[in-house]
Amino acid sequence: MTVNFNKVSYVYQRGTPFEHLALRDVVTSFEQGKYYAIIGQTGSGKSTLIQHFNGLLKPSKGALQVDDVTITHKTKDKQLKQLRKRVGVVFQFPESQLFEDSVEREIMFGPKNFDMPLDEVKDRAFHLLLDFGFNRDILQQSPFQMSGGQMRKIAITSILAMDPDVVILDEPTAGLDPKSRKQIMELIKKLQIEQNKTIILVTHEMNDVAKYVDEVKIMKRGKLIESCSPRKLFSDTNYVNQLHLDVPDIVKLQRDIEDKYQYDFSKIALTEAEFIAMYKEWRQDER
Ligand SMILES: Nc1ncnc2c1ncn2[C@@H]1O[C@H](COP(=O)(O)OP(=O)(O)OP(=O)(O)O)[C@@H](O)[C@H]1O
Ligand SMILES: [Mg+2]
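All residue numbers here refer to positions counted from 1 along the written sequence of the relevant chain. Both sets of labels track the order of writing: A upward for chains, 1 upward for ligands. Where local features are concerned, this predicted model is filtered to residues with pLDDT of at least 70; where side-chain atom pairs are given and counted, the filter is 80 or more; whole-chain, interface and lining totals use all residues. For the side-chain quantities, the full set of heavy atoms in the structure was used; hydrogens and water were omitted.

**Examining the nonpolar core**
In a soluble, globular protein the nonpolar side chains are often hidden away together inside.
Moving on, step 1. Among the buried residues, those of types Ala, Val, Leu, Ile, Met, Phe, Trp, Tyr and Cys that are joined through side-chain atoms within 4.5 Å form a nonpolar core. Each residue gets one of three labels from its accessible area relative to the maximum for its type: buried under 20%, exposed over 50%, partly exposed in between, using a 1.4 Å probe on protein chains only. Membership of the largest hydrophobic core comes to 62 residues, with the highest contact counts inside it found for Ile39, Leu233 and Phe234.
Moving on, step 2. Domain limits in this description derive from either an automatic procedure or a database domain assignment. The two domains that each donate at least three residues to this core are domain 1 (3-247) and domain 2 (248-287).
Moving on, step 3. Between two residues, a contact is recorded if the distance between any of their heavy atoms is within 4.5 Å. Discounting chain neighbours no more than four positions away, the residues touching Leu233 are Ile39, Val216, Ile218, Cys228, Tyr239, Val240 and Leu243.
Moving on, step 4. Among the nonpolar cores identified, the runner-up in size contains 27 residues, and Val26, Ile38, Phe53 and Leu64 belong to it.

**Observations concerning the coordination of the magnesium ion (ligand 2)**
Moving on, step 1. Think of the donor list as every N, O and S atom within 2.8 Å of the metal, or within 3.2 Å for Na, K and Ca; water never makes the list, so a site can look incomplete. Distances from the magnesium ion (ligand 2) to its protein donors, namely Ser47 (OG) and Gln92 (OE1), fall within the range 2.0 to 2.8 Å. One end of the pair, Ser47, is in helix α1 (residues 46-50); the other, Gln92, is in the loop between β6 (87-90) and α3 (103-113), and 45 residues separate them in sequence. Comment: elements are numbered from the N terminus, with helices defined as DSSP H or I runs of at least four residues and strands as E runs of at least two.

**Concerning the layout of surface pockets**
Moving on, step 1. Using only the protein atoms, space was sampled on a 1 Å grid; points where a 1.4 Å probe fits but cannot get out form cavities, open sets with protein on both sides within 12 Å along at least five of seven lines form pockets, and lining residues are those with an atom within 4 Å of a point. Grid points are joined across faces, edges and corners, and a volume is the space filled by probe spheres set on the points. When its volume is computed, the largest pocket comes out at roughly 650 Å³.
Moving on, step 2. At the level of secondary structure, the elements contributing two or more residues to the lining of the largest pocket comprise α2 (81-86), β6, α3 and α5 (148-160).
Moving on, step 3. Top contributing element to the lining of the largest pocket by residue count: α3, with 6 residues.
Moving on, step 4. Taken as a whole, the second largest pocket encloses approximately 410 Å³ of empty space.
Moving on, step 5. Asn207, Asp208, Lys211, Tyr212 and Glu272 are the residues nearest the centre of the second largest pocket, which is lined by 16 residues in total.
Moving on, step 6. Of all the elements in the fold, those that place two or more residues in the lining of the second largest pocket are α6 (178-195), α7 (206-212) and α10 (249-261).
Moving on, step 7. All residues other than Ala, Val, Leu, Ile, Met, Phe, Trp, Tyr, Cys, Pro, Asp, Glu, Lys and Arg, Gly among them, are scored as polar; the first ten of these are nonpolar and the last four charged. Grouping the amino acids of the lining of the second largest pocket by side-chain chemistry returns 7 nonpolar, 2 polar and 7 charged.

**Some details on the sheet that holds strand β5 (residues 69-71)**
Moving on, step 1. Spatially, the 4 strands line up as an open sheet ordered β2-β1-β4-β5, and their pairing is antiparallel. A single partner strand is all that each edge strand has here, and the edge strands are β2 (20-30) and β5. Neighbour-to-neighbour, the strand axes of the sheet open up by a mean angle of 20°, direction not taken into account.
Moving on, step 2. If DSSP finds at least two bridges between two strands, the strands pair. Where strand β4 (residues 61-66) meets β5, 3 bridges bridge the pair, whose relative direction is antiparallel. When the sheet's bridge partners are listed, Gln65 is paired in β5 with Thr70. Helix axes are fitted only over the stretch in contact, all axes being lines through C-alpha atoms; the angle between N-to-C directions runs from 0 to 180 degrees.

Listed below in structure tokens is the structure:
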């Protein structure tokens, strides 16, 4: 599935005192099978942007092309039903929207409405839940007796069980413990690598951007100001600071070592493994 934003603008509450231009002429595109991060300061329009992918919000001006479907302010919800099966959105704090009294009913709610093959969905959900570390009797349990982190995993599973081509996640690990964060991030990466899903991750976690992402899109006051690789972005610490963002821990470590030993590595490392390899090479050259 390819997605093209063609000068998309979005205005909240037009004609009221609360009117707010949240997206300004956004032009950008997304390809199948790539992992994208959408980053930017709070209020920059990230959540507004992602709600356009399946027409939950429709452009006030401009258009979106999602494969052969064009979404404009005139598009009716009826025309978007097929698309909504293929684009799964996990909202910020999705656990707050759980409402069924068993995990199975919660997970089957969406697929039933979309006339999906329920046995397949249930099977997929069950295996995702085992991956998340739940027991085999999880489907019969009530989400409301669970911790916040467990509820988050149930909510994410309910979207992934529908097997969407495009998986959009709005800060899926915010407020979770390190183990849950890692479980979720590793599972999402696996979906991209093994099943060629498109991943769109809204995040403030630069360590995750460095580790998992192919392309970063930066939002600033409703504008999409840059699309580039994480390596290009994090190579320029001044630019990152100007954007009020942070560099990943591994890049901070590298910069500290460079300062201390007055040495410049030829490129930045984005993972620990990459850094260790660069570091070893440098030490060997010194001998
Ligand atoms: N219902 C609304 N009515 C009016 N303005 C809104 C509404 N929802 C969002 N906004 C405004 O639109 C802008 C973009 O909001 P959005 O939620 O897309 O930002 P964000 O980048 O996701 O921020 P965060 O990192 O805090 O989640 C903000 O200035 C916000 O105040
Ligand atoms: Mg948001």
